[in-house]
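In case you want the letters, here they are:
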Amino acid sequence: MAEVPAVGWPCSSCTFVNTDLRRRTCAACRTRRAAPPPTKPRTKRKAEAPANTCGGYAARLSDYKHKGVTGLPETEDAPAVLEAKLAQLIDMVRAAERVVVLTGAGVSTSAGLPDFRGPKGIWTLEDEAKKKKRKKARPPDLASISGASFETVRPTFTHDALVALERAGSLDFLATQNVDGLHRRSGFPRNKLGVLHGCVFTEKCETCGTEAFHDVDLGGVSFQPTGNACGTCGGVMRDTVLDWDDGLPPAEWGPAERAFGAADVCLALGTSLRIIPAADMPALADRFVIVNLQDTPHDGAAALA
């Protein structure tokens, strides 16, 4: 869940490459590695944003410098251009035997949740606040840019449309980078859903793998115990939300990677495609389409963007 690293050390039990030299343990697999001592104390982030919002989610993450380009302008196609692209997209989907979808924060903005790299996104406004306060070295206040509560928002037309496509047999697999749980709430089948970066409503048993989906944000990050016991085996339940230096869980990444590799067409919806390895997933399919208001690093390779 990180931008392309400049330096780092590899975890021996997974493919994750850590760029935070202060961390000695890969939280995903608990593999200990030697790392240089910290050069300066970790800056605490303000947690004034309500915990069950995008701002609260951002506040619980570690500080991280490689969040990707933020604040790029958003553009919309002219009606005639959009109509022509839609006709081309419909033909591609109808001709395909296997279709997969990757979603990002852009599919949830109409539900009231802010994105992260848009002109008014969480990371964009945070970067702007840091520039203004750089002399005082104060972490930004996320309270004013938090958006609606994860617990009260409802699935959008996009979420419902993806459910309809799956039920019609036109969508084979859906992978999401979102932690908002809206694909689960929309009724999309769990066995065809890869939740790559975790979910604020989901906890998982460390012993038997039993998963529980709740109506309230569990408030955790980086696979911490939630305080609940597994209803199946009594084991410790842990949150599923990834921090910046956590590797993607094999149970989510493996099925997604296989499905995307076997797909004829991938639709990348509402994602800036700047966080790997998720950003590289569309290219696993024979052809991919990008639907996003901002330019992405993969536009040039897309069959349609």
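This text goes with the structure placed above it.
Residues numbered from 1 in each chain as written. Predicted model: local features only at pLDDT ≥ 70, side-chain atom pairs only at ≥ 80, totals over all residues. Heavy atoms only, no water.

### A short note on the overall build of the chain
For the chain, the count of helices and strands is six helices and 13 strands. Residues classed as buried in the chain amount to 46% of the 305 residues present. The contacts in the chain between residues at least 6 apart in sequence include a share of 59% that link residues at least 24 apart. Total accessible area on the chain is roughly 15,000 Å²; 53% of this is exposed by carbon and sulfur atoms. (Helix = DSSP H or I, 4+ residues; strand = E, 2+ residues; numbered from the N terminus. Buried < 20%, exposed > 50% of the residue type's maximum accessible area, 1.4 Å probe, protein only. Contact = heavy atoms within 4.5 Å. Areas by Shrake-Rupley, 256 points an atom, 1.4 Å probe, with all protein chains shown as cover.)

### Here's the deal with the nonpolar core
In this structure, Tyr-57, Val-101, Trp-123, Phe-150, Leu-162, Phe-188 and Leu-267 are the most contacted members of the largest nonpolar core, which totals 41 residues. At the level of elements, helix 1 (54-60), helix 2 (79-95), strand 5 (99-103), helix 3 (122-132), helix 4 (157-167), strand 7 (193-195) and strand 12 (265-269) are the ones that each hand at least two residues to this core. Not counting residues up to four positions away in its chain, the partners in contact with Leu-162 are Val-101, Thr-103, Leu-171, Leu-174, His-183, Phe-188 and Leu-269. Formed by 22 residues, the second largest nonpolar core is a distinct cluster that contains Ala-263, Leu-273, Met-281 and Ile-290. (Core = buried A, V, L, I, M, F, W, Y, C linked by side-chain atoms within 4.5 Å.)

### Let's talk about the side chain of Gln-294
Following the sequence through the fold, Gln-294 ends up in the segment after strand 13 (287-291). The class of Gln-294 is buried, set by a relative accessible area of 9%. A distance of 3.0 Å separates a polar side-chain atom of Gln-294 from the backbone oxygen of Arg-117. What Gln-294 contacts, discounting residues up to four positions off in sequence, is Gly-71, Leu-72, Pro-73, Glu-74, Arg-117, Gly-118, Pro-119 and Ser-272. (Polar contact = N/O pair within 3.5 Å; in protein donor to acceptor, adjacent residues only side chain to side chain.)

### What about the pattern of salt bridges?
Counted according to the given criterion, the structure contains eight salt bridges. A salt bridge links Arg-60 to Asp-217; its shortest N-O distance comes to 2.7 Å. Placement of the pair is Arg-60 in helix 1 and Asp-217 in the loop between strand 9 (211-213) and strand 10 (225-229), with a sequence separation of 157 residues. Under the relative-accessibility criterion, Arg-60 is labelled buried at 16%. The class for Asp-217 is buried, based on a relative accessible area of 13%. Ionic pairing is found between Lys-85 and Asp-77, a salt bridge with its closest N-O pair at 3.0 Å. Via salt bridges that share partners, Arg-184, Arg-190, Glu-211 and Glu-252 belong to a single interconnected network. (Salt bridge = Lys/Arg side-chain N within 4 Å of Asp/Glu carboxyl O.)

### Thoughts on the sheet that holds strand 5
Sheet strands line up and pair through hydrogen bonds in the backbone, either parallel or antiparallel. The five strands lie next to each other as 7-6-5-12-13, forming an open sheet whose pairing is parallel. Two strands bound the open sheet, and with one partner strand each, they are strand 7 and strand 13. The sheet shows a mean angle of 15 degrees between the axes of neighbouring strands, direction not considered. One ladder, built from five bridges, connects strand 5 with strand 12; its direction is parallel. Within the sheet, the bridge partner assigned to Val-99 lies in strand 12 and is Val-265. Strands strand 5, strand 6 (173-176), strand 7 and strand 12 of the sheet are contacted by helix 6 (residues 250-261), whose axis makes an angle of about 130 degrees with strand 6. (Pairing = 2+ DSSP bridges. Axes fitted to C-alpha atoms, helices over the stretch in contact; angles between N-to-C directions.)

### Section: the environment of Leu-162
As for its placement among the helices and strands, Leu-162 is situated in helix 4. Between the alpha carbons of Leu-162 and His-183 there is a distance of 8.8 Å; along the sequence they are 21 residues apart.

### Side note on helix 6
Helix length check: helix 6 (twelve residues) gives 16 Å between terminal C-alpha atoms against 16 Å at 1.5 Å per residue, within 8%. In the core, the buried residues of helix 6 are packed alongside strand 5, strand 6, strand 7, strand 9 and strand 12. (Expected span 1.5 Å × (residues − 1).)

### Side note on the pairing of strand 8 (residues 202-205)
The pairing of strand 8 with strand 9 spans three bridges and is antiparallel. Across the sheet, residue Glu-203 finds its bridge partner in strand 9, namely Ala-212. Hairpin connection between strand 8 and strand 9: a loop of five residues separates the two successive antiparallel strands, and Gly-209 in this loop has a positive phi of roughly 85 degrees.

### Overview of the environment of Asp-295
With respect to the secondary-structure elements, Asp-295 resides in the segment after strand 13. Spatially, the C-alpha atoms of Asp-295 and Leu-72 are 7.7 Å apart, while their sequence positions differ by 223 residues. Apart from residues no more than four positions distant in its own chain, Asp-295 is found in contact with Leu-72 and Arg-274.

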